[in-house]
Amino acid sequence: MLACGAMGFGILLLKEFGNWRMPPWLLVIAGLVPLFFLKLGGHLAEGFGPPLGVGIFSLVFASFFFDLARGTISRVPRLSEFALYLFYFPKFYSGPVERFEVFRERFAAGRPRIRAGLYLVALGIFRKFALAGIAMRASAAFFLAGRMSTAPITVLAAYLYVIELYCNFAAYTDFARGISHLFGVELSRNFRFPLLARNPQEFWQCWNISFSTWLRDYITFPSFARTRRAWISIFATFIVMGAWNGNSIEPKYLSMGLFAGASLFAYYLVKPLWVDLRGKLSSSAGVAFDGISWFLTFHWIVILFFWHHVPDHGFLLESVRTDRKSTRLNSSHGYISYAVFCLKKK
């Protein structure tokens, strides 16, 4: 990451003082260098994992050079500004992914907000160690105890896993925003109650907002501008999302991206009818309609995340099909493997 930062600053020096008009496509390639090494390193050092923060670093680095290629950065930054943008420690681990111009303005104009910062840090501690911790242990306990052998228990464990995933992720953002407030820097909000979303589009507008916005601005809009095909831009976006996740390019995350893309495209096809139907309902019927929409969307979220993170899919299908007695013995390996999987994540 330090080498990529040095390369980036060298490019800035050439652009500023060397009167070198770098082609936009070359700036785009330069921005993709950390992503390339992230995935290459995942293949070469399998089992060790990527360096801490390299995923967010790759997005921030790419964002900077994409904006530089577009000409949306007003002036070439100083070394201190560029280094601070790349390595600002509160957001280094899990975001949010800020744009350079926005980050520079907020850092220069911000004032410490002690009360807001301490509140967000306390909220992050509660989400991380209370909500996420309890959900993770309860979900793993079903496997370890050998009780996850019926469909209701399987669904309950899936609910707990999704709650744990959300609270864990949101807690890191709370920590980043809270610590930044103490330094007088306001970072973007990354979650807006995504588990209450009523359709896939609304979910992606509320889940990991900075990353979703990054994908929208650098993948969805440019691909649609070139192809004029909504389905191409949607699938390109979510394939990139799937490829970015994980230590290397992993099939399970690519399939997750394809599933998410297909779901969003299907929603776009039925959205006019869905909105028209909602508009014709009375207020009480509309509330019921929104409740059904939330129920369907929530279970889509559960399938999206739980299915693509549990290591033993065959066991899950077996637990839904069969009763408690017939699966108790055969599923013991699945219980232990998932519990170990959950504990290793911590």
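Being a predicted model, the structure only gives us computed values, none of them experimental. Every chain is numbered independently, its residues counted from 1 as its sequence is written. Since the coordinates come from a predicted model, pLDDT governs what is reported: local features require at least 70, and pairs of side-chain atoms require 80 or more to be given and counted, while whole-chain, interface and lining totals use all residues. Excluded from the side-chain calculation are hydrogens and water; included are all heavy atoms of the structure.

**Student:** Help me understand the overall build of the protein chain in this model?
**Tutor:** Of regular secondary structure, the protein chain possesses 15 helices and 0 strands. Across the 346 residues in the protein chain, those meeting the buried criterion constitute 46%. Restricting to contacts in the protein chain with at least 6 residues of sequence separation, those with at least 24 account for 72%. For the protein chain, the exposed area adds up to about 18,000 Å²; of that, 68% sits on carbon and sulfur atoms. Runs of H or I in DSSP of at least four residues are treated as helices and runs of E of at least two as strands, each being numbered from the N terminus. Throughout, exposure labels follow a simple rule: accessible area from a 1.4 Å probe, protein chains only, divided by the maximum for the residue type, with under 20% read as buried, over 50% as exposed, and the rest as partly exposed. We call two residues in contact when some of their heavy atoms are within 4.5 Å. We get accessible surface area from the Shrake-Rupley algorithm with a probe of 1.4 Å; when it comes to residues, only the shown protein chains can shield them.

**Student:** Can you help me understand helix H11 (residues 251–280) in this one?
**Tutor:** The periodicity of an α-helix, 3.6 residues per turn, causes residues three or four positions apart to be oriented the same way. Helix span, expected: 1.5 Å multiplied by one less than the number of residues in the helix. Compared with the 44 Å implied by 1.5 Å per residue over 30 residues, the 43 Å span of H11 between its first and last C-alpha is a close match. Of all the bends in H11, the greatest, near 55°, is centred on Val270, and the proline Pro272 appears no more than four residues after it. Where H11 is concerned, the buried positions are Tyr253, Met256, Gly257, Ala260, Gly261, Ser263, Leu264 and Tyr267. What is called the bend at a residue is the angle between a pair of axes, fitted to the seven residues leading up to and ending at it and to the seven starting from it.

**Student:** Explain the pattern of salt bridges to me, please; I cannot follow it from the model alone.
**Tutor:** One side chain can pair with another of opposite charge once the charged atoms of both are near each other. One speaks of a salt bridge when a side-chain nitrogen belonging to Lys or Arg is within 4 Å of a carboxyl oxygen belonging to Asp or Glu. Applying the stated criterion across every chain, the model contains 11 salt bridges. Note that Arg104 is salt-bridged to Glu101, the shortest N-O span being 2.8 Å. One end of the pair, Arg104, and the other, Glu101, are both in helix H5 (residues 100–109), 3 residues apart, so they sit about a helical turn from each other. Glu101 carries the same exposure label as Arg104, and that label is buried. With a closest N to O distance of 2.8 Å, Asp217 and Arg216 form a salt bridge. Judged by relative accessible area, Asp217 falls into the buried class, the value being 12%. Connected through shared salt-bridge partners, Arg78, Glu81, Glu101 and Arg104 make up one network.

**Student:** I tried to follow the side chain of Ser63 on my own but got confused; where do I start?
**Tutor:** Relative to the helices and strands, Ser63 is located in helix H3 (residues 54–70). Under this definition, polar contacts are N or O atom pairs within 3.5 Å; protein pairs additionally need one hydrogen-donor-capable and one acceptor-capable atom, and for neighbouring residues in sequence, both atoms have to be side-chain atoms. Side chain to side chain, Ser63 and Tyr218 meet in a polar contact 3.1 Å long. Those residues in contact with Ser63 that lie beyond four places of it in its chain are Tyr85, Arg99, Trp214 and Tyr218.

**Student:** Any chance you could explain the side chain of Thr297 here in plain terms?
**Tutor:** With respect to the secondary-structure elements, Thr297 resides in helix H12 (residues 283–307). Its relative accessible area of 5% is what places Thr297 among the buried residues. Excluding residues within four positions of it along the chain, Thr297 makes contact with Ala197, Arg198, Asn199 and Pro200.

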